[in-house]
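Understanding the architecture of this molecule
As a plain string of letters, each chain reads:
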Amino acid sequence: NAGVTQTPKFQVLKTGQSMTLQCAQDMNHNSMYWYRQDPGMGLRLIYYSASEGTTDKGEVPNGYNVSRLNKREFSLRLESAAPSQTSVYFCASSVSVRMGYTFGSGTRLTVV
Amino acid sequence: KNEVEQSPQNLTAQEGEFITINCSYSVGISALHWLQQHPGGGIVSLFMLSSGKKKHGRLIATINIQEKHSSLHITASHPRDSAVYICAVGLIQGAQKLVFGQGTRLTINP
């Protein structure tokens, strides 16, 4: 089915470990986004990629890095996980901000 | 003050009731989005509005640009409508960024 695919769905990390969250879309969308969702905070933008080859910081980029590998794939890396990064992470894509968004199913990350 | 405010934060109603969720914003926007998130689930885009009104099945979304206000209505509500409904706005300044409300948790009892 067309859409945004995120992996993994669940992950538990120890403090200081690293990991990469993968995101791929097959809708030929130009823009891709990584958000985190925390209770009482709403969704907050971590990084985005307006088009292939570009990435920019969002509201809460500290502790994260991203790679827009090609038009389909946008990965989020935690180099040294901290308990404050315990959250649900969503990847999304859109043709542009003026068009509708498609979200992935989310990754529930716990850092202990 | 948040740039996007939703009300109510929580809403419980009986099956069949007419539901209204409100969203107010304080910034210039290019578009407003309504999203739905089921418990433990992903996020689905319901509507994107820049003016007027849109309808999809039992869901209706309206926006008043002058008043910086949008409403999401659900007619003949059903328990399967139970979810968190999220309002988000695309900014005119700093395009490529959505600002999200904190969501409205809707519970429809049979």
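Okay, so let's go over this structure.

Cut-off values and rules
Residues numbered from 1 in each chain as written. Chains lettered and ligands numbered in written order. Predicted model: local features only at pLDDT ≥ 70, side-chain atom pairs only at ≥ 80, totals over all residues. Heavy atoms only, no water. Pairing = 2+ DSSP bridges. Helix = DSSP H or I, 4+ residues; strand = E, 2+ residues; numbered from the N terminus. Axes fitted to C-alpha atoms, helices over the stretch in contact; angles between N-to-C directions. Salt bridge = Lys/Arg side-chain N within 4 Å of Asp/Glu carboxyl O. Buried < 20%, exposed > 50% of the residue type's maximum accessible area, 1.4 Å probe, protein only. Phe/Tyr/Trp six-rings, centres within 6.5 Å; stacked < 30°, edge-to-face > 60°.

Attention now goes to the sheet that holds strand β3 (residues 19–25) of chain A. All names here are of chain A. Strand order in this open sheet of 4 strands is β1-β3-β8-β7, and the pairing throughout is antiparallel. Of all strands in the sheet, those with a lone pairing partner are β1 (4–7) and β7 (64–68), marking the two edges. When strand polarity is set aside, the average angle formed by the axes of neighbouring strands in this sheet is 15 degrees. Alignment of β7 against strand β8 (residues 74–78), held across 5 bridges, turns out to be antiparallel. Paired with Val-66 across the strands is Leu-76, a residue of β8.

This next bit is on the pattern of salt bridges. All names here are of chain A. Counted by the stated rule, this structure contains 4 salt bridges over all chains. Between Arg-44 and Asp-38 there is a salt bridge, with the nearest N and O atoms lying 2.8 Å from each other. Like Asp-38, Arg-44 is buried. Through salt bridges with shared partners, a single ionic network connects Arg-36, Asp-38 and Arg-44.

Turning next to the packing of aromatic side chains. Applying the stated rule across the entire model yields 7 aromatic pairs over all chains. Between Tyr35(A) and Phe100(B) the ring centres are 5.1 Å apart and the planes differ by 85 degrees, which places this aromatic pair in the edge-to-face class. One end of the pair, Tyr35(A), is in strand β4 (residues 31–38); the other, Phe100(B), is in strand β10 (residues 98–100), on a second chain. Exposure remark for Tyr35(A): the relative accessible area of 0% places this residue in the buried category. By way of ring pairs, the aromatic residues Tyr33(A), Tyr35(A), Tyr48(A), Tyr101(A), Phe103(A) and Phe100(B) are connected into one cluster.

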